[in-house]
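Structure at a glance
The primary structure of each chain is shown beneath.
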Amino acid sequence: MIKEIQLRVSLQEANQENILPKKASQVLNIDEAEINAVKILRKSIDARKPNILFNYKVAVYIQEKIPESTNFTFDYQDVSNAKEIHIIGFGPAGMFAALKCIELGFKPVVLEQGKKVQDRRLDIRAINQLHIVDEDSNYCFGEGGAGTFSDGKLYTRSLKRGDVRRVFENLVYHGATEQILIDSHPHIGTNKLPKIVQNIRETILKFGGEIHFESRVVDFKIKQNKLQVIQLQNGVEMPVQKVILATGHSARDIYNLLHEKNILLKAKSFAMGVRVEHPQQIIDGIQYHCKGERNELLPAAAYSLVQQVKGRGVYSFCMCPGGFIVPAATAKGEIVVNGMSPSRRNNKFANSGIVVEINVDEDLPKYEKFGALKGLEFQKDLEKLAFVSGGKTQTAPAQRLTDFAEGKFSADLNPTSYQPGLKSSPLHSLLPKIIGSRLRKGFKVFGQKMKGYYTAEANVVGVESRTSSPVNIPRNENLEHPEIAGLFPCGEGGGYAGGIVSAALDGERCAEMATQNFGGKT
């Protein structure tokens, strides 16, 4: 017999041996000897009160053995001679689109402008230490996309888009820890993601798919509203029938290409702001009601904040406990910051984007001349401004949190995890009022919600500009572009996802639609 039940374990009880079987026997009113195993299905922490509790959803195996394997299987098959589906981009959307194509009996041909994950490390070291930006290989571009060198956050609200559990199981199949199947807010960690990405590549190649790195797509050749040829930067032309466009929200050259060809695009609302960095101990103290070091059983504390200010949402984004801030620029002459964490989340800083909603229909009148690209041009201007303010290197402009909110220049700054370094700058006056004034108000409100958050010990670092795509590439009910047959906009770059899991789900859906009415193997 298997019983699924909820258990609550205090922080003090968590150290006790076999505490879950003991608790389960009490809840079920049976002898503990009858329980063969307790399998954790879900785990979360309730830290709303000083008496911190671990919440468990468990399966109790009563006089029954626990299964040794998962129910999930992946029907990967040899597609070496199958019909081809071309996929542009090898981030989460592109990777999972390729895996799904193989399951469906089609050969994925992946074109990625960046390098393999091992080679990306050198270019990431160059941007961190030498302030050199490689426009094809950086934190955003290359094998695995922006997700590879990130926290690997897997929390998603996209529960209606597809089988989230299946995505998690596929990541475990490719090397992720089974802990992601349990945690309420699962993450993989920047130190572990590269190997998982490499394993996915090897699966695709093993079953007959193709992956072409350092292959930037520079042109589409369209005849009678049908995409027929894609051209690479080296001049190679590839005939195509179905193309999944999974280039991510930072591939601005693709937006420009589509715009120049008068292919329908739409401006999309998005969010921009700054990244805020606190000592992790401050966030731990607030969230866990403790002084000094947190209990060793507790992970680095996270937070989620939101507030309406002057008709726009101000909220935390991509919060990275025990993490570090990184330079995420994709072109020379810009500063973009992002955050990530190792799997243990054991760095001494906590950082989070704090961003403001931008309504493209109301907030950007000076950019109307750019049409569907107005949000993108607004992004670019703020990134260039941050570059100049930081000293025209990858050094980022920054300010103490309280100085930013009170409109004062910071005479000095706090220590930081951001390797290229910080330069004290008056961000409070440099940011446009639609962003800066709302952030200043929002920080003070956040300080009321989290006592201790509003502190001079935190830095505000600019700019956090790549939260989501400012452009939408439209598609119809079968996920195909309404004007261009054979083109399937996908993932974050199309405006249809907001993280690793939602992008993966969208990649799978696009693969399913692209392979329909396309016949089977050749």
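This text gives an overview of the structure that appears in the document.

Take the side chain of Ser 25 next. Mapped onto the elements, Ser 25 comes out in helix H1 (residues 19-28). On the basis of relative accessible area, Ser 25 is assigned to the buried category, the value being 10%. Among the polar contacts listed, one links the side chain of Ser 25 to the backbone oxygen of Lys 22, at a separation of 2.7 Å. For Ser 25, the residues in contact, after removing those within four places along its chain, are Ile 30, Asp 31, Glu 32 and Ile 35.

Before going further, it helps to examine the pairing of strand E12 (residues 270-279). Most of E12 is tucked away, with nine of its 10 residues classed as buried. The pairing of E12 with strand E17 (residues 349-358) spans 10 bridges and is classified as antiparallel. Across the sheet, residue Phe 270 finds its bridge partner in E17, namely Ile 358.

Moving on, we get to the packing of aromatic side chains. If you walk through the whole model with that rule in mind, you get 12 aromatic pairs. Geometrically, the ring pair formed by Tyr 367 and Phe 378 is edge-to-face, given 5.5 Å between the ring centres and 85° between the ring planes. With Tyr 367 in the loop between E17 and helix H8 (374-389) and Phe 378 in helix H8, this residue pair connects regions lying 11 residues apart in the sequence. One aromatic cluster is present, formed by Phe 74, Tyr 76, Tyr 173 and Phe 207 through successive ring pairs. Over the aromatic face of Phe 518 sits the side chain of Lys 83, whose NZ or CZ is 5.5 Å from the ring centroid. The ring centre of Tyr 496 lies 3.6 Å from the NZ or CZ of Arg 475, which sits over that ring.

When two helices pack together, their arrangement is given by the angle between the helix axes and by the axis-to-axis distance. Helix H13 (residues 500-514) packs onto helix H2 (residues 92-104) with a crossing angle of 40° between their chain directions and a minimal axis gap of 7 Å. Classified by the angle between their axes, H2 and H13 sit oblique to one another. Crossing hand, H2 versus H13: right-handed. Taking contact as the criterion, the partners of Pro 92, Ala 93, Phe 96, Ala 97, Lys 100, Cys 101 and Leu 104 in H2 are, on H13, Ile 500, Ala 503, Ala 504, Gly 507, Glu 508, Ala 511 and Glu 512. Split into classes, the residues belonging to the contact of H2 with H13 amount to 10 nonpolar, one polar and three charged.

The step from Gly 462 to Val 463 runs through a cis peptide bond, and the omega angle for that step is -5°. For Val 463, the location among the structural elements is in strand E20 (residues 459-464). The backbone phi angle of Gln 63 is positive, close to 50°, even though this residue is not glycine. As for its placement among the helices and strands, Gln 63 is situated in the loop between strand E3 (53-62) and strand E4 (84-88). One non-glycine residue, Asn 262, lies in positive phi territory at about 60°. Mapped onto the secondary structure, Asn 262 falls in the loop between helix H6 (252-260) and strand E11 (266-267).

Here we take up helix H11 (residues 433-449). Taking 1.5 Å per residue, 17 residues should reach 24 Å; H11 reaches 24 Å between its end C-alpha atoms and fits that length. Taken together, the buried positions of H11 are occupied by Ile 435, Gly 436, Arg 438, Leu 439, Gly 442, Phe 443, Val 445, Phe 446 and Gly 447.

Next up on the list: the environment of Val 309. Assignment of secondary structure puts Val 309 in strand E13 (residues 306-309). On the accessibility criterion, Val 309 (4% relative accessible area) is buried. Sequence separation of Val 309 and Ile 230 is 79 residues, and the distance between their C-alpha atoms is 45 Å. With sequence-adjacent residues up to four places away left out, Val 309 is seen in contact with Val 314, Arg 438, Lys 441 and Gly 442.

Take the nonpolar core next. Ile 354, Phe 378, Ile 435, Leu 439, Phe 443 and Tyr 453 are the most contacted members of the largest nonpolar core, which has 62 residues in total. With five residues, E3 is the largest single contributor of residues to this core. Ignoring anything within four residues of it in the chain, the contact list for Ile 354 reads Gly 273, Val 274, Val 276, Tyr 303, Val 314, Tyr 315, Ser 316, Leu 439, Phe 443, Phe 446 and Tyr 453. Counting residues in hydrophobic clusters, the runner-up holds 50 residues, among them Ala 93, Val 167, Leu 479 and Cys 510.

A word on the side chain of Asp 403. The residue Asp 403 is located in helix H9 (residues 401-406) in this model. Of the side chains bearing the opposite charge, Arg 400 lies closest to the buried Asp 403, which forms no salt bridge; the N-O distance is 4.9 Å. Ignoring any residue separated from it by four or fewer positions in sequence, one finds Asp 403 in contact with Lys 408, Phe 409 and Ser 410.

In an α-helix, one turn spans 3.6 residues, which is why side chains three or four residues apart end up on the same side. Between its first and last C-alpha atoms H13 spans 21 Å; for 15 residues at 1.5 Å apiece the expected length is 21 Å, and the two agree. With 12 of 15 residues buried, H13 is to be regarded as a mostly interior element. Among the residues of H13, those classed as buried are Ile 500, Val 501, Ser 502, Ala 503, Ala 504, Leu 505, Asp 506, Gly 507, Glu 508, Cys 510, Ala 511 and Ala 514. Tucked into the core, H13 has its buried residues touching E4, H2, helix H4 (164-173), strand E10 (243-245), strand E22 (487-489) and helix H12 (491-494).

Let us now look at the pattern of salt bridges. With the rule as written, the count across this model stands at 30 salt bridges. Here Glu 103 ties to Arg 166 by a salt bridge, and the two come within 2.4 Å at their closest N and O atoms. You can see Glu 103 sitting in helix H2 and its partner Arg 166 sitting in helix H4, a full 63 residues away along the chain. Look at Arg 166 and you get buried, because its relative accessible area is 13%. For Glu 237, the salt bridge identified is with Lys 221, shortest N-O distance 2.4 Å.

It is worth spelling out the sheet that holds E4 at this point. Strand order in this open sheet of five strands is E6-E5-E4-E10-E22, and the pairing throughout is parallel. Taken across any chain shown, the strands that pair with only one partner, and hence form the sheet edges, are strand E6 (210-212) and E22. When strand polarity is set aside, the average angle formed by the axes of neighbouring strands in this sheet is 20°. Bridge count between strand E5 (residues 107-111) and E6: three bridges; the pairing is parallel. Considered in E6, the bridge of Val 109 is made with Glu 210. Each of E4, E10 and E22 is contacted by H13, which is oriented at about 160° to E22, the strand it contacts most.

So, how was this worked out
Residues numbered from 1 in each chain as written. Predicted model: local features only at pLDDT ≥ 70, side-chain atom pairs only at ≥ 80, totals over all residues. Heavy atoms only, no water. Helix = DSSP H or I, 4+ residues; strand = E, 2+ residues; numbered from the N terminus. Buried < 20%, exposed > 50% of the residue type's maximum accessible area, 1.4 Å probe, protein only. Polar contact = N/O pair within 3.5 Å; in protein donor to acceptor, adjacent residues only side chain to side chain. Contact = heavy atoms within 4.5 Å. Pairing = 2+ DSSP bridges. Phe/Tyr/Trp six-rings, centres within 6.5 Å; stacked < 30°, edge-to-face > 60°. Lys NZ or Arg CZ within 6 Å of the ring centre and 35° of its normal. Axes fitted to C-alpha atoms, helices over the stretch in contact; angles between N-to-C directions. Parallel < 35°, antiparallel > 145°, perpendicular 65-115°, else oblique. Left-handed = near helix turned anticlockwise from the far one by under 90°. Nonpolar A, V, L, I, M, F, W, Y, C, P; charged D, E, K, R; others polar. Expected span 1.5 Å × (residues − 1). Core = buried A, V, L, I, M, F, W, Y, C linked by side-chain atoms within 4.5 Å. Lys, Arg positive; Asp, Glu negative; His and termini not counted. Salt bridge = Lys/Arg side-chain N within 4 Å of Asp/Glu carboxyl O.

So far we have only geometry, and geometry alone does not tell us how the molecule works.
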